[in-house]
Amino acid sequence: MTHRPEDIARAADIIRAGGLVAMPTETVYGLAADATNDAAVARIFDAKGRPTFNPLIVHVTGADMAKRYASFPPLAERLADAFWPGALTLVLPRRRDSALSLLVSAGLDTVALRSPNHALARQLLKAADRPLAAPSANRSGSISPTTADHVRQSLGDRVDFVLDGGPCPVGVESTIVKVDGARALLLRPGGVARAAIEDVIGANLENPPQAEKPQAPGMLASHYAPTVGVRLNAETAEDGEAFLGFGAVMDEAAAAARNLSQSGDISEAAANLFAMLRALDRECQERGLAAIAVAPVPADGLGEAINDRLKRAAAPRGRKV
Ligand code: TXA
Ligand code: MG
């Protein structure tokens, strides 16, 4: 943690003036702007190179604040009670009298809301006294940032200020659940495991109909992509490949290698995923390697989110679903 106390006040001033601040959250770093300011929100899309049909998550201090912007059916109330602050984003009907910029919803009649569980994000929310629109703080389509250095490498001077909170503890983005009356649909697996949510709602999470899918950029086939290729379910590296291992499936002989978790701990693997993909991507470029071979990762717990991100990292580039 290299931030100084005065950094929060400075970051809050920048937000209130319509600027962009990269803030740490427990999942990944977010590129934050005042969600009530159209020009500030437009700058987020510009800085990320993000298509404007992709809506943004709005960060709030908790359910009380969220209710100013969205209607909260009882199911949403239960989920917020159980998981906020935390790595769960709720997509809810947008209130007509909401003060949020229309750009955060990208033309939809819903809004995505999350109360982050990270001291610096919470301090910034309080000091700025604004809802904060914040996508992951990387150029659109590339690997999400889990350190302040990743943000600087990806966005450079497109961001006005970076709050440095050290590495993000969870390491994959929030789970996104759309609450539609009494139904709960899983739009994106993430930092809260499916089973924990299903325990709270007492039912299975539903899959969204195909028609709802393209709304989410994380749902584009290719996303979270390193510059080199990615090959999944590998036991060893082939010639010209780096290796990303998990547990006992490891190839120390590869020209570049990392292990997501030597002990096979799935939460540790999630926390390491993006930083190790970045490091191997860089080493591949330096050593002229063409791809990263990745060991199988079990699908339980945060493994569902890890496998989702790996699948998109491996997808043919530029293809959309
Ligand atoms: O953990 C996270 O969720 C991080 C941190 C910074 O909070 N944020 C993040 O934002 O991952 P981003 O923009 O990279 O991903 C947000 C996802 C996108 O796939 C977007 O399409 C979806 O949320 N989304 C936002 N609003 C939506 C809405 N109204 N309906 C459906 N999907 C929505
Ligand atoms: Mg993202």
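Above this text sits the structure in question.
For clarity, every value in this text was computed on a predicted model and none was experimentally measured. (Residues numbered from 1 in each chain as written. Chains lettered and ligands numbered in written order. Predicted model: local features only at pLDDT ≥ 70, side-chain atom pairs only at ≥ 80, totals over all residues. Heavy atoms only, no water.)

Engineer: What's the story with the pairing of strand β13 (residues 291-294) in this structure? I'm lost.
Structural biologist: Remark: a regular strand shows side chains that alternate across the two faces of the sheet. Of the two faces of β13, the one lined by Ala291 and Ala293 and the one lined by Ile292 and Val294 are each fully buried. Note: strand β10 (residues 229-231) against β13, 3 bridges, orientation parallel. Across the sheet, Arg231 pairs through a bridge with Ala293, a residue of β13. Pairing of strand β11 (residues 241-245) with β13, which is carried by 4 bridges, proceeds in the parallel orientation. Its bridge partner being in β13, Leu244 is matched across the sheet by Val294. (Buried < 20%, exposed > 50% of the residue type's maximum accessible area, 1.4 Å probe, protein only. Helix = DSSP H or I, 4+ residues; strand = E, 2+ residues; numbered from the N terminus. Pairing = 2+ DSSP bridges.)

Engineer: Which parts of the structure should I look at to understand the pattern of salt bridges?
Structural biologist: Note that side chains of opposite charge can pair when their charged atoms are close. Across all of its chains, the model carries 21 salt bridges by this definition. Taking the shortest distance from any N to any O, the salt bridge between Glu26 and Arg114 comes out at 3.0 Å. In this pair, Glu26 sits in the loop between β1 (21-23) and β2 (30-34) while Arg114 sits in strand β5 (residues 110-114), placing the two residues 88 residues apart along the sequence. You'll find Glu26 and Arg114 in the same group, each marked buried. In this structure, Asp160 and Arg43 form a salt bridge, with 3.2 Å as the shortest nitrogen-oxygen distance. Here Arg43 lies in helix α2 (residues 38-48) and Asp160 lies in the loop between α6 (148-155) and β7 (161-162), a separation of 117 residues in the sequence. Assessed through its relative accessible area of 33%, Arg43 is described here as partly exposed. (Salt bridge = Lys/Arg side-chain N within 4 Å of Asp/Glu carboxyl O.)

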